[in-house]
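Descriptive structure summary
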Amino acid sequence: MSEEKPKSVLVLGSAALKIGEAGEFDYSGSQAIKALRDDGIRTILVNPNIATIQTSERLADEVYFLPVDPHFVQQVIEKERPEGILLGFGGQTALNCGLELARKGILAAYGIRVLGTPVTAIEDTEDRGLFVQRLNDIGVRVPRSATAQSAGDAMEIAARIGYPVMLRIAYALGGLGSGICAGPEELQRRAKQAFKYASQVLVEEALTGWKEVEYEVVRDRHDNCVTVCNMENFDPLGIHTGESIVVAPSQTLTNEEYHRLRRVAIRVVRHLGIIGECNIQFALDPRSEACRVIEVNARLSRSSALASKATGYPLAYVAAKLAVGYGLPELANAMTGVTQACFEPALDYVVVKMPRWDLKKFSRVSTRIGSGMKSVGEVMAIGRSFEEALQKAIRMVDVGAMGLAGGPERWEGEDVERALTEPTPERIFVLEKALRCGLSIERIHELTHIDRWFLHKVARISRIAEQLREGPDVLDSRDLLLVAKQAGFSDQQIAALCDTDVQAVTDRRARARIVPCVKQIDTLAAEYPARSNYLYLTYHGVEDDCERAKSPSVIVLGSGTYRIGSSVEFDWCCVNAAHALRALGFTTILINHNPETVSTDYNECDALYFEELSLETVLEIYKKEQPVGVIISMGGQTPNNLALDLHAAGVRVLGTSPVSIDQAEDRHKFSRLLDQLGVGQPAWKELTTVDEALAFAKEVGYPVLVRPSYVLSGAAMGVATTDAELLKFVERTSHVSRRYPVVISKFIEHAKELELDGVACEGRLVLTAISEHVENAGVHSGDATLVYPPQRTYLETMRRIKKIG
């Protein structure tokens, strides 16, 4: 490394999590800080997000909880005087802030070096007009397009190109404001909205039916380039990659197409002068093999986090090293220890990423998905076949516990063709229903433009499901049971299809010796001997790749997919729990399937299972690893919901007993406990019938609060002020809390809300924190403004709260 390293570096974080900019930037920023720290470089972080790992005290040397905004960042620069700055690790927020600092001359005034990709290259990729010019320089084709500075300009350009057109915003993330416009009216509406966010939009030809393919490319300052991962969208162009199922490596490209796109990707990255990591997106015409470059992100992204977890190649870590001057041949592959970072990963498995939406939390919101992101999280599944990985992913998203063949039944008898042409979060289920309704693969392809290869795989899952529907006797066939497990069917799914109980399927599988194997991800497809702690389960195998831990081990269950109400804070909990267990001398084993998290970074624990957080999978891993116990309290509601089932299966749950967890989660048991302890609470009653609910409301008077058990972030909870509202809330809770009681209670209006957080040992509180809500009770704590310590609460009230606690 000939270039002198900076002594101190300013790292810009992504600030608050938002749709399109979430936990993946905590992951990339944390890896960047680790890379700099390993080189003895002092790190200064600006990020006001308290829930992130990177703002914990053990990573950066200095953490400023300030807005990622030029005004505040300049003050940090004035105080800290860093020699370098990293712009590419905090998403669009950090990138836009860094560009503004450069344009205002602030970076130059303080002599700060932009590390990695130069500002000019970032501007070339972010400014749509410059981007098109730069690619034209080297003869790389992009969609026919032009930039507009007003809605009128956009209309003129669209008339020239011809409808339909795609509208995109410059300097935006997650496809903000973008979309396909079929005619002038829609374009005018979208353009007016777009100019609220940016001063420039791009109007381009709509490449309907083309495939979308992504490459993650790494380049060093010596012009060495590697393509770390290529990914293919299940959905065609027009649905944002964050809204689409994504498959890695690509499954439907020919060898010639794969290498042609790879060559173009490397040529573009070299021409733009990118240093570090970038993502390049292609449109590929399946009919003519023509291709267009859609976009280049000269920064870390959600796709790069996915690529890191899909391959095991630490993209953000390597990008940070390259930014301070290293070359790819100088960097070792930290996972294998036997190869360099200039080796392109080889995969002997299939990865499927699936988005998670929470649209049901909003009233009157459109369920249509398109080129603007609406998804709030994602999962990643690993398998030895596409079917195995796809069905795992569907269960991980936590909307289809039965996998693909057990999806929503409401498409039966409805207009399936319309449902296929108007994509929603449930389109994958509609595909399977369409096949069962007799639509041909060719017709479905015409309606959706989804590649026939994917449709044939969905059809195979559907055929296996039909065989299983013949009844419990089909389980006598070991061959069918093995085929079903290799196609990703869970025991619960098989039991439902066969009309039997789950235990019968599990027992039959055990007698037939059909058990999953543990396989490693080592970036080498087992071409070299490598020690890897990055693991997954598959039914395509005959032996495990590794032995269980020798020293006493503890399993920590992660949070699963991000959703509204369950986000990066549980990642923080899991990572800190793993570190605490390591300090106590335990081998740490983590189970999670969220590619955006720091907890699924291979070096945060001794063994990482990128797997489902289901009873079946946790029990299989528990049998193989034989740990001291399992910690479920760090991952939020998803692990908590497994507490009683794990307890019943003989698993040792560490910490609070599952029986006590049930007392807190079961609304009826909890309210009864408060009565037994003499703790005051509003009048309440377990809701068993609608008539009882109406009678209770009449007795205590409206408003009343309807609360289901075992739910997250107040899901399906509601304050009813009339009989009609009460009936609506009761119906809603019946869908989310079928196994557990629903309680109705008197809602106290104009009440102050306070909350106590505590740490307890054997029933004694050893640490407490009381916070006060600015808003009155009735606003969920996740939506409320909190003040700590309380400013308007009497000391006696706080003493009473601690005593009750």
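Just above, that's the structure.
Structure report, in brief. Keep in mind that this is a model prediction, so the values were computed, not measured.

It is worth spelling out the overall build of the chain at this point. Of regular secondary structure, the chain possesses 28 helices and 30 strands. Taking the principal axes of the C-alpha coordinates as reference, the chain spans close to 75 × 65 × 65 Å. Across the 805 residues of the chain, 57% fall into the buried class. When contacts within the chain are restricted to residue pairs at least 6 apart in sequence, long-range pairs at least 24 apart make up 67% of them. Accessible surface for the chain amounts to roughly 33,100 Å². Of this, 51% is attributable to carbon and sulfur atoms.

On the basis of which strands lie adjacent, the open sheet formed by three strands has the order β28-β29-β30 and antiparallel pairing. Each end of this open sheet is capped by a strand with a single partner; those strands are β28 (752-761) and β30 (786-787). Bridging between β28 and strand β29 (residues 764-776) involves nine bridges; their strand directions are antiparallel. Note on β29: the bridge partner recorded for Cys 761 is Arg 764.

Relative to the helices and strands, Asn 594 resides in the loop between β20 (587-592) and β21 (607-610). Ignoring anything within four residues of it in the chain, the contact list for Asn 594 reads Lys 309, Glu 378, Gly 560, Thr 561, Tyr 562, Thr 600 and Phe 610.

Moving on to the side chain of Glu 214. Checked against the element boundaries, Glu 214 lands in strand β10 (residues 211-219). Buried within the structure, Glu 214 lacks any salt-bridge partner; Lys 353 is the closest side chain of opposite charge, at an N-O distance of 6.8 Å. Every residue in contact with Glu 214, bar those within four places of it in the chain, is listed here: Cys 229, Asn 230, Met 231, Asn 233, Thr 241, Asn 279, Ile 280, Gln 281 and Ser 303.

Attention shifts here to the packing of aromatic side chains. Inspection of every chain in the model, using the stated rule, returns nine aromatic pairs. Ring centres 5.3 Å apart and planes at 45° place the aromatic pair Phe 386 and Phe 454 in the tilted group. Of this pair, Phe 386 sits in helix α12 (residues 386-396) while Phe 454 sits in helix α16 (residues 452-468), placing them 68 residues apart in sequence. Of the aromatic side chains, those joined through ring pairs into one cluster are Phe 234, Phe 386, Trp 453 and Phe 454. The ring of Tyr 27 carries Lys 309 above its face, with NZ or CZ at 3.9 Å from the centroid.

Attention now moves to helix α9 (residues 255-272). Given a rise of 1.5 Å per residue, 18 residues ought to cover 26 Å, and the 26 Å separating the end C-alpha atoms of α9 matches this to within 8%. When we look at burial in α9, the residues that qualify are Glu 257, Arg 260, Leu 261, Arg 262, Val 264, Ala 265, Ile 266, Val 268, Val 269 and Leu 272. On its buried side, α9 packs onto α5 (119-126), α6 (128-137), β10, β11 (225-233), β13 (276-284) and β14 (291-297). Looking one or two places after α9, you find Gly 273, whose phi comes out positive at around 80°.

This brings us to the nonpolar core. Leu 86 and Ile 382 are the most contacted members of the largest nonpolar core, which has 61 residues in total. Broken down by element, this core gets its largest block of residues, seven residues, from helix α11 (residues 315-323). With near-sequence residues (within four places) excluded, Leu 86 lies in contact with Val 9, Leu 10, Val 11, Leu 12, Ala 32, Leu 36, Leu 115 and Ala 323. Membership of the second largest hydrophobic core comes to 54 residues, among which are Val 350, Ala 389, Ile 441 and Val 458.

Look at α16 against helix α17 (residues 478-486): their axes get within 11 Å of each other, and the N-to-C directions meet at 140°. Judged by the angle between their axes, α16 and α17 are oblique. Here α16 and α17 pass one another in a crossing that is left-handed. Where α16 abuts α17, its residues Arg 460, Ile 464, Gln 467 and Leu 468 lie against Leu 480, Val 483 and Ala 484. When its residues are assigned to classes, the contact of α16 with α17 shows five nonpolar, one polar and one charged.

Another aspect to go through is a nonpolar patch on the surface. A cluster of nonpolar side chains, namely Phe 362, Val 365 and Ile 564, defines an oily patch on the protein surface of about 230 Å² accessible area. With respect to the helices and strands, Phe 362 occurs in the loop between β15 (350-356) and β16 (377-383).

We now examine the pairing of strand β25 (residues 704-708). Taken across its five residues, β25 has four buried, putting it largely inside the fold. When β25 meets strand β27 (residues 742-746), the two strands line up antiparallel, connected through five bridges. Within the sheet, the bridge partner assigned to Arg 707 lies in β27 and is Val 743.

This part is about the pattern of salt bridges. Inspection of every chain in the model, using the stated rule, returns 52 salt bridges. One salt bridge connects Arg 563 with Asp 398, and the closest N-O pair in it is separated by 3.0 Å. Residue Arg 563 is found in the loop between β19 (553-557) and α20 (568-583), and its partner Asp 398 is found in the loop between α12 and α13 (416-421); the two are separated by 165 residues along the sequence. Here Arg 563 falls in the buried class, since its relative accessible area comes to 12%. Judged by relative accessible area, Asp 398 falls into the partly exposed class, the value being 43%. Shared partners join several salt bridges into a network, and the residues in it are Lys 485, Asp 491, Arg 509, Glu 616 and Glu 620.

Pairing is parallel in the open sheet, where five strands are placed in the order β3-β2-β1-β4-β5. In the strand order of this sheet, the two ends are held by β3 (62-64) and β5 (113-114), each with one partner.

Following both chains from N to C, one finds α5 and α6 inclined at 100°, their axes separated by 5 Å at the closest point. It follows from the interaxial angle that α5 and α6 lie roughly perpendicular. Between α5, through Glu 123, Asp 124, Thr 125 and Glu 126, and α6, the contact on the second element is made entirely by Arg 128, Leu 130, Phe 131 and Arg 134. Looking at the contact of α5 with α6 residue by residue, the classes come out as two nonpolar, one polar and five charged.

Attention now moves to the environment of Val 679. Relative to the elements of secondary structure, Val 679 occurs in the loop between α25 (667-677) and β24 (684-687). Measuring from C-alpha to C-alpha, the distance between Val 679 and Gly 84 comes to 57 Å, with 595 residues separating the pair along the chain. Contacts of Val 679, omitting those with residues within four sequence positions, involve Leu 674 and Ile 804.

Its place among the elements puts Asn 640 in helix α22 (residues 637-640). When the C-alpha atoms of Asn 640 and Ser 559 are compared, they prove to be 9.8 Å apart, with 81 residues separating the residues in sequence. Residue contacts for Asn 640: discarding those within four places in its chain leaves Ile 632, Ile 661, Glu 665 and Tyr 710.

Rules of the game
- Residues numbered from 1 in each chain as written.
- Predicted model: local features only at pLDDT ≥ 70, side-chain atom pairs only at ≥ 80, totals over all residues.
- Heavy atoms only, no water.
- Helix = DSSP H or I, 4+ residues; strand = E, 2+ residues; numbered from the N terminus.
- Buried < 20%, exposed > 50% of the residue type's maximum accessible area, 1.4 Å probe, protein only.
- Contact = heavy atoms within 4.5 Å.
- Areas by Shrake-Rupley, 256 points an atom, 1.4 Å probe, with all protein chains shown as cover.
- Pairing = 2+ DSSP bridges.
- Lys, Arg positive; Asp, Glu negative; His and termini not counted.
- Salt bridge = Lys/Arg side-chain N within 4 Å of Asp/Glu carboxyl O.
- Phe/Tyr/Trp six-rings, centres within 6.5 Å; stacked < 30°, edge-to-face > 60°.
- Lys NZ or Arg CZ within 6 Å of the ring centre and 35° of its normal.
- Expected span 1.5 Å × (residues − 1).
- Core = buried A, V, L, I, M, F, W, Y, C linked by side-chain atoms within 4.5 Å.
- Axes fitted to C-alpha atoms, helices over the stretch in contact; angles between N-to-C directions.
- Parallel < 35°, antiparallel > 145°, perpendicular 65-115°, else oblique.
- Left-handed = near helix turned anticlockwise from the far one by under 90°.
- Nonpolar A, V, L, I, M, F, W, Y, C, P; charged D, E, K, R; others polar.
- Patch = residues over 30% accessible without salt bridge, like charges linked within 9 Å, V, L, I, M, F, W, Y side chains within 5 Å.

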